[in-house]
Amino acid sequence: MPLFGSLFLACLPNWHHAVWVNVLISAATLAAAASLLVVRPAETLLFFIDDFNIYLVGLTAFVGFTTSLFSSAYIGRESRDRRLLPQHLRFYHSMYQAFLFTMLLALTANNIGVLWVAVEAATLTTVLMVSLYRTREAIEAAWKYFILCSVGIGLALFGTILVYLAAQPVMGDGVPAMAWTQMIKRAGAFQPELMSLAFVFLLVGYGTKVGLAPLHAWLPDAHAEGPTPISAVLSGLLLNVALYALLRFKMLIAANSHALQPGPLMIAMGCSSIFLASFMLYRRGDIKRLFAYSSIEHMGIITFAFGMGGTLANFAGLLHMTMHSLVKSAIFFAVGMITQAAGTKRIADIRGLTTSHPFLGWSFVIAVLAIAGLPPMGIFMSEFLVISSTFARNAWLAVPVMIGLLITFGALIWRLQGMAFGRPGQLVADSERRHQSTFVRAIGMIPLVAHLVLALVAGVYLPDALVAWFQAVGKLLG
């Protein structure tokens, strides 16, 4: 659906129609993803559905749909303010659906080569959207993103080839030797030396796309200069897809008892990401860069959890992936409306949102407190599970994670105080109410509220079926 939607939107001349066609295609994609809960297609050598990827397919389709709703209001305002031209808007909507297609292709690919192609295609589509404003800063950010991630994906390709070479003596030549479901059954017999070397390249390659330190340099620029809906799906979805690819290979490596164990490397990169991001948050003056570094920190927490391994740590990592996707995309929805109302991305110029824009301001406060890990939001529960599962196995490893979380908490609360509770600045005016109808404003707020409600519910109560599902995936991940 997203593939044909992308082609259709590329030919649609009226961007006003394209806005709603984009929403309808995203809604149809969400319905199709939900149908996988009832009927699962048969496994092939190219595609498959299991408990792990069906969860991420559903999450991707849901956030893709809610972001398309937010985008309809955001893009309309950008067009009225003449920051985007009609030809840019048609291109934007076409690339948005192409981006969803590449992510869903990566998540459902059974072939490790198709998986690599899909992740690379996701890079290309998002590079084009990051540069959409055509400013010097946007083009520079797009080139930086393209070069760094292409180098990373090139290393991931080399790692993929090494995995194939390790599997070839056991699996034979051709497509079956690249099918993940076939490889996992016999991974214990693969050449351990090649598998160990392959994982190093895969960790560096796909770790670049995840935004793990010190491979993160592209991420703050891409988030800051692209349209805000793209920042939401970059943080909320694309980073998950890259980590998903890495975890599929981790499962192959872990199944070979003689190969390098991937856990310690993932723990080290997770901790480095947490600490780098926590200190960098204090020095950010751009609101979008601030939350870009927050994404680096949270991907570090998730990588750390999966590096620890075990059913409980994997459960915590899966829950944190979900909560981060919901809350971080909600934050970027709020940031998009804030920057349009204020006319700036500078934190120093954004003041007193709870006074000038009460509903938006308080929604932003709740979202920031949620991403900072305060109870009763879902991120508090997932972070608590990460720390408690780590304490149970190695208390010393839990200490740096706790220190990093405390430093991050301090930075976010410090930045939030002025933006939410200071004296309203001159740039934050009532212009949003004058230029946008009540209906359009409501459309923009619905995804923000929906994501925060889901994060709140998850922090208080998880349905038994969802808990059992996460436990099953946790066991699958090893």
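Residues numbered from 1 in each chain as written. Predicted model: local features only at pLDDT ≥ 70, side-chain atom pairs only at ≥ 80, totals over all residues. Heavy atoms only, no water.

Asks: Hey, could you go over the nonpolar core for me, with residue numbers and the actual values?
Replies: By size, the foremost hydrophobic cluster in this structure holds 161 residues, and its most contacted members are Y206, F291 and F364. Setting aside residues up to four positions removed in sequence, F364 forms contacts with I287, F291, A334, V335, I338, L353, L416 and M419. Counting residues in each nonpolar core, the second largest holds 5 residues, with L9, A18, V21 and I25 among its members. (Core = buried A, V, L, I, M, F, W, Y, C linked by side-chain atoms within 4.5 Å. Buried < 20%, exposed > 50% of the residue type's maximum accessible area, 1.4 Å probe, protein only. Contact = heavy atoms within 4.5 Å.)

Asks: I'd like a rundown of the layout of surface pockets, residues and numbers included.
Replies: The computed volume of the largest pocket comes to approximately 560 Å³. Forming the walls of the largest pocket are 22 residues, and the residues nearest its centre are L59, T322, L326, L454 and L466. Only α2 (15-35), α3 (51-80), α13 (311-342), α19 (438-460) and α20 (464-477) provide two or more residues apiece to the lining of the largest pocket. Sort the elements by how many residues they give to the lining of the largest pocket and α3 lands first, with 5 residues. (1 Å grid on protein atoms, 1.4 Å probe; cavity = no way out; pocket = protein on both sides within 12 Å on 5 of 7 lines; lining within 4 Å. Points joined across faces, edges and corners; volume = space filled by probe spheres on them. Helix = DSSP H or I, 4+ residues; strand = E, 2+ residues; numbered from the N terminus.)

Asks: Report on empty space enclosed by the protein, specifying residues and quantitative values.
Replies: Inspection of every chain in the model, using the stated rule, returns 3 cavities of 30 Å³ or more. Of the pockets and cavities examined, the second largest cavity occupies roughly 40 Å³. In terms of lining, the second largest cavity is formed by A106, A109, N110, N111, I112, L115, W180, Y244 and R248. Elements supplying a minimum of two residues to the lining of the second largest cavity: α5 (112-130) and α10 (228-254). Grouping the amino acids of the lining of the second largest cavity by side-chain chemistry returns 6 nonpolar, 2 polar and 1 charged. (Nonpolar A, V, L, I, M, F, W, Y, C, P; charged D, E, K, R; others polar.)

Asks: Explain the packing of helix α4 (residues 86-108) against α10 to me, using residue names and the numbers behind them.
Replies: Where α4 meets α10, the closest approach of the two axes is 10 Å, and the angle between their N-to-C directions is 20°. Classed by the angle they form, the pair α4 and α10 counts as roughly parallel. Taken as a pair, α4 and α10 cross one another with a handedness that is left-handed. Where α4 approaches α10, its residues Y92, Y96, F99, M103, A106 and L107 are matched on the opposing element by P229, I230, V233, L237, L238, V241 and Y244. Its residues assigned to classes, the contact of α4 with α10 comprises 13 nonpolar, no polar and no charged. (Axes fitted to C-alpha atoms, helices over the stretch in contact; angles between N-to-C directions. Parallel < 35°, antiparallel > 145°, perpendicular 65-115°, else oblique. Left-handed = near helix turned anticlockwise from the far one by under 90°.)

Asks: So, α4: which residues are in play, and what are the values?
Replies: Between its first and last C-alpha atoms α4 spans 34 Å; for 23 residues at 1.5 Å apiece the expected length is 33 Å, and the two agree. The buried fraction of α4 is high, at 18 of 23 residues. (Expected span 1.5 Å × (residues − 1).)

Asks: Run through the side chain of T60, naming residues and quoting values.
Replies: Structurally, the position occupied by T60 is in helix α3. The class of T60 is buried, set by a relative accessible area of 4%. When neighbours within four sequence positions are excluded, T60 is seen to be in contact with M103, L104, L107 and L237.

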